Amino acid sequence: MRRRSRRGLNRIGVLAMALLLALGAMGTAYGAWSDEIYIQSTITTGSTSYALSCGTAHSPEVSCGASNATLHITVAATAAAPTPAGSYNHSFKVLNTGDLPVKVQKINVSSLPSGVHVSTTGVVESSVIDPGLAPIGYVIIDLDDDIEESFNFDVAFNIVLWNEA
């Protein structure tokens, strides 16, 4: 039987040592490049606020009041003094009193009598209003026939931050 000499490491020992050193170097390199930093802060970007106000009526039959984000419109008529068929309008303003732009997301009109149609111009859905500005809009009321009774309706504005869907 032949005896093996124990002079140093054999080939398998050298290979194992090289793998161990390589794994150690990889672990050290990974540790050096995998730092995590946690930052905690508060960011204030501004505020949103607006005011809705009635402007002038372009006919004596139409009057307006405003509260919160709603215009309250009255069309006056009696049997003795009916309001003739035609188109009537009333102006309004949406003043952006905040620091950020706002957008008119939706305009809702409450129920109307038959033969009455309402729309807005100037300030419409998707209108963006920059801070400090107050664009003028108009509520347009179209009557198909003469009316002999007064009626009321509301025009409600859903106003949101300019970049909301």
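For the structure, see preceding data.
Residues numbered from 1 in each chain as written. Predicted model: local features only at pLDDT ≥ 70, side-chain atom pairs only at ≥ 80, totals over all residues. Heavy atoms only, no water.

### Structural notes on the side chain of Thr120
Thought 1: Along the polypeptide, Thr120 turns up in strand S6 (residues 116-121).
Thought 2: You can call Thr120 buried: its relative accessible area is 17%.
Thought 3: Among the polar contacts listed, one links the side chain of Thr120 to the backbone oxygen of Val123, at a separation of 3.3 Å. (Helix = DSSP H or I, 4+ residues; strand = E, 2+ residues; numbered from the N terminus. Buried < 20%, exposed > 50% of the residue type's maximum accessible area, 1.4 Å probe, protein only. Polar contact = N/O pair within 3.5 Å; in protein donor to acceptor, adjacent residues only side chain to side chain.)

### Description of the environment of Leu52
Thought 1: Its location among the elements puts Leu52 in strand S1 (residues 50-57).
Thought 2: Taking the C-alpha atoms as reference, Leu52 lies 64 Å from Thr28; in sequence the two are 24 residues apart.
Thought 3: Excluding residues that lie within four positions of it along the chain, Leu52 makes contacts with Ala66, Asn68, Ala69, Thr70, Leu71, Phe92, Lys93, Val94 and Phe157. (Contact = heavy atoms within 4.5 Å.)

### As for the pairing of S6
Thought 1: Only one face of S6 is covered, namely the one carrying Val116, Val118 and Thr120; the face carrying His117, Ser119 and Thr121 has none of its residues buried.
Thought 2: As defined by bridge partners, S6 adjoins strand S8 (residues 136-143) across six bridges and the pair is classed as antiparallel. Considered in S8, the bridge of Thr120 is made with Val139. (Pairing = 2+ DSSP bridges.)

### Remarks on unusual backbone geometry
Thought 1: The backbone phi angle of Asn68 is positive, close to 50°, even though this residue is not glycine.
Thought 2: Relative to the elements of secondary structure, Asn68 occurs in the loop between strand S2 (62-67) and strand S3 (70-75).
Thought 3: Classification of Asn68 as exposed rests on a relative accessible area of 72%.
Thought 4: You will see that Ser126, though not glycine, has its phi angle at about 80°, which is positive.
Thought 5: Turning to its location among the elements, Ser126 is positioned in the loop between S6 and strand S7 (128-129).

### Structural notes on the nonpolar core
Thought 1: By size, the foremost hydrophobic cluster in this structure holds 25 residues, and its most contacted members are Leu71, Phe92, Val139, Ile141, Phe153 and Phe157.
Thought 2: Listing elements by their share of this core, those giving two or more residues are S3, strand S4 (86-96), strand S5 (102-109), S6, S8 and strand S9 (151-161).
Thought 3: Tallying contributions element by element places S9 first for this core, with five residues.
Thought 4: Residues contacting Phe157, with those up to four places away along its chain left out, are Leu52, Ala69, Leu71, Phe92, Val104, Lys106 and Ile107. (Core = buried A, V, L, I, M, F, W, Y, C linked by side-chain atoms within 4.5 Å.)

### Section: the pairing of S2
Successive residues of a regular strand alternate their side chains across the two faces of the sheet.
Thought 1: As paired strands, S2 and S3 are joined by six bridges and run antiparallel to one another. Residue Ser63 lies in a different strand from S3, and its bridge partner there is Thr74.
Thought 2: Remark: two residues form the turn of the hairpin made by S2 and S3, two consecutive strands paired antiparallel; Asn68 in that turn has positive phi of roughly 50°.

### Re the state of the cysteines
Thought 1: Inspection of every chain in the model, using the stated rule, returns one disulfide.
Thought 2: Each sulfur of the disulfide joining Cys54 and Cys64 lies 1.9 Å from the other. One quick way to see it: the torsion about the S-S bond of Cys54 and Cys64 is about -55°, and its sign makes the bridge left-handed. Taken together, the positions of Cys54 in strand S1 and Cys64 in strand S2 put the pair ten residues apart, joining distant regions of the chain.
Thought 3: The class for Cys64 is partly exposed, based on a relative accessible area of 23%. (Disulfide = S-S within 2.5 Å.)

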